[in-house]
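In case you want the letters, here they are:
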Amino acid sequence: MQGTVTSVSKARVGERFEELVSKHPLWQNPLLVACSKNELSLKDYGYLIAQHFYYSRGFTRLLSALMMQCDDDKFRAELSHNLWEEAGEENMEERHSNLLRKMMNDVFDIANPDGTDFKTYTVTYFDECLRFLKNTNSIGAAAFLGWGTEGVVANIYEYWFEGLKGLGVEEEALRYLSLHMECDDEHAEVIENIALSQCNDDVSSHAQEIEAAINKALDLRDEYFRAIYQDITTAKIEPLVSAICGKQPYYKVEDVPLFSSSLTQNSGVKLYSNQQQDDGINFEVSRFNIGCEVMDPRLLEIPEGCRNECHKHAHESMFYVVSGEGRVHIADEHIEVSAGQLIYVPRWVDHYSENTGEGKLTILAITDFGLTKHFSNNTDFSYRKKQQEQVA
Ligand SMILES: [Fe+2]
Ligand SMILES: [Fe+2]
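In the annotation of an unreviewed UniProt entry, the protein chain is listed under the name Cupin type-2 domain-containing protein and assigned to Pseudoalteromonas peptidolytica F12-50-A1.

Right, dumping it as structure tokens:
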């Protein structure tokens, strides 16, 4: 029989691994960010869940691989209980993989989930999980599958569950997700305890291998979700790419009237403004809604003695100074500007503009936001909340 750890001390030593999980970059993964910001459509979720089906369908193989690594028959008995639940208990039709098949059919109209075109990265993700479990010892395998996999599933499913509910899907149709949100913490606990119980009261001497196994599981999932996110984003810009490659004229005079503006005040639609008197921040941004596909012309107006916030975003910008005098700060540099000047601001570089002259500073900013808007997390809004720090 392996060494045992009391449940109180188990909970305490387990906390350090839970903290490791909570700090992993997985939680900033663009796919999860897009879910939390309600940026995914039903079609996007359909793609995501169809790929995930490959993992779900094979999950009992992962559990079996861990079982195979356990010398102790008590641990195998505990795992067989997890397997029993996965298999739907008395009713085989209720096995989890089948509940997902039903959800795919009901919610996404996918009649044959097994016929999905599983991407190479989907198959690789699963194979890598299986390979790790087969080639490590029972402590590493339990850590991988406990904290690193089962321990995060309930949380991840909650993102999907809330996202789909927000799109109007009935909770009843999402039983596969809600069921796991309820039972996977318990499943994870069983597996985590298997890892801890084998440490013979000396978790610290095994901490490194446990942490390495957890990180491996989370890294693999992070990479996998990034690949899915990239495909979802590519699908969104595909019509644009097709139009460009297919030499399709987008701008049709009969649909969209020819655009012309004198760039006077209020010539666009108000988009964003902010006033923070203590910091000298005072500006207004308006947008010209002229049906551009990629270009996004905006007018930035800054009163005398004021500036806008330091910020950065995914779109690149070409500034044309319409009137006034000022200073455009880009990263650690700045450029003195006046009417008629053109300034380029690259993507993801801190920048702000200040009015150093008399009267208003007006800048026309032409950006490629029409392209970058399809990407989640395309603006770093944190700067808008930390105006004291940005000046330093
Ligand atoms: Fe399951
Ligand atoms: Fe900007």
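1. Quick look at the sheet that holds strand 2 (residues 281-287)
Here six strands make up an open sheet; going across it, the order is 1-2-3-9-4-7 and the pairing antiparallel. Sheet topology places strand 1 (269-276) and strand 7 (342-345) at the edges, where each strand pairs with a single neighbour. Averaged over all neighbouring strand pairs, the angle between strand axes comes to 20°, with direction disregarded. Here strand 4 (residues 317-323) pairs with strand 7 via four bridges, running antiparallel. The partner of Phe319 across the bridge, within strand 7, is Ile343.

2. Details of helix 5 (residues 96-108)
A rise of 1.5 Å per residue sets the reference length of helix 5, with its 13 residues, at 18 Å; its end C-alpha atoms lie 17 Å apart and thus fit the reference within 8%. For helix 5, the set of buried residues is His96, Ser97, Asn98, Leu99, Leu100, Arg101, Met103, Met104, Val107 and Phe108. Taken from the residues just after helix 5, Asp109 is the one with a positive phi, measuring 60°.

3. Some details on the packing of aromatic side chains
Across all of its chains, the model carries 15 aromatic pairs by this definition. Consider the rings of Tyr157 and Tyr176, whose centres lie 5.5 Å apart with planes at 45°: the pair is tilted. Of the two residues, Tyr157 sits in helix 7 (residues 138-166) while Tyr176 sits in helix 8 (residues 175-197), which places them 19 residues apart along the sequence. Each member of the pair, Tyr157 as well as Tyr176, carries the same accessibility label: buried. Here Arg221 stacks its cationic end above the ring of Tyr55, 5.3 Å away from the centre of that ring. Residue placement shows Arg307 over the ring face of Tyr352; its charged tip is 5.0 Å from the ring centre.

4. Notes on the sheet that holds strand 8 (residues 351-355)
As summarised here, the arrangement of the three strands in space is 6-5-8, forming an open sheet in which the pairing is antiparallel. One side of each edge strand has no neighbouring strand; the edge strands of this open sheet are strand 6 (333-338) and strand 8. The average undirected angle you get between the axes of adjacent strands in this sheet is 20°. Sheet topology places strand 5 (residues 325-330) next to strand 8; five bridges connect them, and they run antiparallel. From the neighbouring strand, Arg327 faces strand 8, where its bridge partner is Glu354.

5. Overview of the coordination of the iron ion (ligand 1)
In this structure, Glu86 (OE), Glu86 (OE), His96 (ND1) and His180 (NE2) serve as the protein donors to the iron ion (ligand 1), at separations of 2.0 to 2.6 Å. Every donor counted, the four donor atoms about the iron ion (ligand 1) form angles of 53 to 162° at the centre, which fits irregular coordination. Between consecutive donors of the iron ion (ligand 1), the numbers of intervening residues give the motif E-x9-H-x83-H. Separated by ten residues along the polypeptide, Glu86 in helix 4 (residues 73-86) and His96 in helix 5 bring together distant segments of the chain. The burial state of Glu86 is the same as that of His96; both residues are buried.

Conventions we followed
- Residues take numbers from 1 onward in each chain, read along the sequence in its written order.
- Each chain takes a letter, starting from A, and each ligand takes a number, starting from 1, following the order in which they are written.
- In keeping with the model being predicted, local features are shown solely for residues with a pLDDT of at least 70 and side-chain atom pairs are shown and tallied solely at 80 or more, while totals for entire chains, interfaces and linings include all residues.
- Where side-chain values are given, they derive from all heavy atoms of the structure, hydrogens and water being excluded.
- A strand pair is defined by DSSP finding two or more bridges across the two strands.
- Helix and strand definitions follow DSSP, with helices as H or I runs of at least four residues and strands as E runs of at least two, each counted in order from the N terminus.
- All axes are obtained by fitting lines to C-alpha atoms, using only the stretch in contact for helices, and the reported angles, taken between N-to-C directions, cover 0 to 180 degrees.
- For a helix, the expected span equals 1.5 Å multiplied by the number of residues minus one.
- For the exposure calls, accessible area comes from a 1.4 Å probe over protein chains only, and a residue counts as buried if that area is under 20% of its type's maximum, exposed if over 50%, partly exposed in between.
- Stacked, edge-to-face and tilted are the three classes for Phe, Tyr and Trp ring pairs, Trp counted by its six-membered ring, which pair at centre distances within 6.5 Å; planes under 30 degrees apart are stacked, over 60 edge-to-face, the rest tilted.
- Only when the NZ of Lys or the CZ of Arg is both within 6 Å of the ring centre and within 35 degrees of the ring normal is a charge said to sit over the ring.
- Coordination shells were defined by N, O and S atoms within 2.8 Å of each metal, extended to 3.2 Å for Na, K and Ca; water is absent from the atom set, which can make sites look incomplete.
- In this scheme the shape depends on donor count and angles: four donors with every angle between 85 and 135 degrees give tetrahedral, four or six donors with opposite pairs above 155 degrees and others between 65 and 115 give square planar or octahedral in turn, and any other case is irregular.

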